[in-house]
Amino acid sequence: MRVTINLLDSARYSEPTGRRLRTVLAQAAQSAAWLHFDQGRQASAQRHWRTALHSAHSADARDLGAGVLSDLAYSATWLGHPGEAVEILSHARTRTRHATARSLLDVRRARALAVLRDDVGTARALNDAEHQLERGSVQSAPPWVSWMSSADLAVDAGRCWLDLEDPRRATAALDEGLSLLAPERERTRAIMLTYRAHAALAGRDVDAAVADTRTALDTALGTGASRCLGLVRSTLWDSFEPHRGETAVQDLRSYAQQRLTPVRV
């Protein structure tokens, strides 16, 4: 990324080459932002996303700019600012016409609306996301959204229903998502399992929650992603607190302490 910035600042090049360089810079900054976000380095992630957005705008790469805005919205919802996320996504949707891209924007809008407890808006956004995903083609999708699949739609729907206090629908969506998820998507798997554990706790099935949390912990440790580990940790020490006297929960916490001690997360 630094090499590209230096070329933009000091080298001589044609306008098409400049647009290509700025596009490469935007893509590199977007990837770096996700890396830092997953490691819990939020300020650095935001700087990289802003660099990506500026570079995409300079390159007139509208679809890529929409993708960066979508990432900023996702991070805003994750960090507790869903209203900001809805505003960002409304703007981002005007910058892309590809159905798969719009599906991602719609499902992230659903996530933000669910946090805001807008059940009607959430259901509408999820329906829009499903419709757009059916219309789209992954083969022709912009690179920043080529990974979007039915599994991703299901996991976000599950989180939405969980936020709207409907654990039955949340579990059904997460079950579907886990069955569709590609084996290499381990970070997503860890998050999905943690969400399903929350749904099990909401349904008073402590044993199922313990089993999913244990698997989520092992999976998150395998990824090394602080964001995933932080989510599992908050589940272990906060969500299970009302059930701390149960043997299964005590055993899970002991297991987690043994596994997490050398990691220091």
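The structure under discussion appears in the preceding block.
Since the model is a prediction, treat every value here as computed from it, not as a measurement. (Residues numbered from 1 in each chain as written. Predicted model: local features only at pLDDT ≥ 70, side-chain atom pairs only at ≥ 80, totals over all residues. Heavy atoms only, no water.)

Student: Give a detailed account of the overall build of the protein, specifying residues and quantitative values.
Tutor: Broken down by element type, the protein carries 13 helices and zero strands. Here the C-alpha radius of gyration of the protein, 20 Å, is about what a compact globule of 265 residues would show, namely 18 Å. Principal axes of the C-alpha set define a box for the protein whose edges measure 70 × 45 × 30 Å. By the burial criterion, 50% of the 265 residues in the protein qualify as buried. Considering only contacts within the protein whose residues lie at least 6 apart along the sequence, 60% involve residues at least 24 apart. If you sum the accessible surface of the protein, you get close to 12900 Å²; carbon and sulfur atoms cover 48% of it. Charged side chains of the protein number 34 positive and 31 negative; the gap between the two group centres comes to 7 Å. (Helix = DSSP H or I, 4+ residues; strand = E, 2+ residues; numbered from the N terminus. Rg over C-alpha atoms; globule rule 2.2 N^0.38 Å. Buried < 20%, exposed > 50% of the residue type's maximum accessible area, 1.4 Å probe, protein only. Contact = heavy atoms within 4.5 Å. Areas by Shrake-Rupley, 256 points an atom, 1.4 Å probe, with all protein chains shown as cover. Lys, Arg positive; Asp, Glu negative; His and termini not counted. Charge placed at Lys NZ, Arg CZ, Asp CG, Glu CD.)

Student: So, the packing of aromatic side chains: which residues are in play, and what are the values?
Tutor: Using the criterion set out here, one finds seven aromatic pairs in the structure. Between the NZ or CZ atom of R169 and the centre of the ring of W161, over which it lies, the distance is 3.7 Å. (Phe/Tyr/Trp six-rings, centres within 6.5 Å; stacked < 30°, edge-to-face > 60°. Lys NZ or Arg CZ within 6 Å of the ring centre and 35° of its normal.)

Student: Could you give an account of the environment of H243, naming the residues involved and the relevant values?
Tutor: Along the chain, H243 turns up in the loop between α12 (226-239) and α13 (247-260). In this structure the C-alpha to C-alpha distance between H243 and R204, which are 39 residues apart in sequence, comes to 10.0 Å. With residues up to four places along the chain from it excluded, the contact list for H243 reads L201, V206 and V249.

Student: Run through the environment of L201, naming residues and quoting values.
Tutor: Inspection of the secondary structure puts L201 in helix α10 (residues 186-202). For L201 and A170, which are 31 residues apart along the polypeptide, the C-alpha to C-alpha distance reads 12 Å. With residues up to four places along the chain from it excluded, the contact list for L201 reads V206, A209, S239, F240 and H243.

Student: For the side chain of D71, give the residues involved together with the corresponding values.
Tutor: Mapped onto the fold, D71 is located in helix α4 (residues 62-78). Its relative accessible area of 5% is what places D71 among the buried residues. If we ignore the near neighbours within four places in the chain, the residues touching D71 are Q30, W34, W49 and R108.

Student: Just give me the short version of the packing of helix α7 (residues 119-135) against helix α8 (residues 150-163), but keep the residues and values in it.
Tutor: At a minimum axis distance of 11 Å, the contact between α7 and α8 shows a crossing angle of 175 degrees. Relative to α8, the element α7 lies roughly antiparallel. Judged by residue contacts, T122, A123, L126, A129, E130 and L133 of α7 engage S150, L153, A157, C160 and W161 from α8. Grouping the constituent residues of the contact of α7 with α8 by class yields eight nonpolar, two polar and one charged. (Axes fitted to C-alpha atoms, helices over the stretch in contact; angles between N-to-C directions. Parallel < 35°, antiparallel > 145°, perpendicular 65-115°, else oblique. Nonpolar A, V, L, I, M, F, W, Y, C, P; charged D, E, K, R; others polar.)

Student: Which residues make up helix α9 (residues 167-180), and what values do they have?
Tutor: For α9, which comprises 14 residues, the first-to-last C-alpha distance of 20 Å matches the rise-based estimate of 20 Å (1.5 Å per residue) to within 8%. Taken together, the buried positions of α9 are occupied by A170, A173, L174, G177 and L178. End-on view of α9: buried residues confined to an arc of 135 degrees, all on one side of the axis. Within α9, the exposed residues directed more than 90 degrees away from the buried face are R168 and S179. (Expected span 1.5 Å × (residues − 1). Arc of directions from axis to C-beta.)

Student: Can you tell me about the pattern of salt bridges, naming the residues and giving the values?
Tutor: The full count for this structure, using the stated rule, is 16 salt bridges. Between R93 and D106 there is a salt bridge, with the nearest N and O atoms lying 2.8 Å from each other. Of this pair, R93 sits in the loop between α5 (82-92) and α6 (99-115) while D106 sits in helix α6; the two residues are 13 residues apart in sequence, bridging distant segments of the chain. Relative accessible area serves as the criterion here: at 0%, D106 is assigned to the buried category. Between R109 and D128 there is a salt bridge, and its shortest N-O distance comes to 3.5 Å. Taken together, the residues span a long stretch of sequence, with R109 in helix α6 and D128 in helix α7 at a distance of 19 residues. Here R109 falls in the buried class, since its relative accessible area comes to 19%. Through salt bridges with shared partners, a single network forms among R93, D106, R109 and D128. (Salt bridge = Lys/Arg side-chain N within 4 Å of Asp/Glu carboxyl O.)

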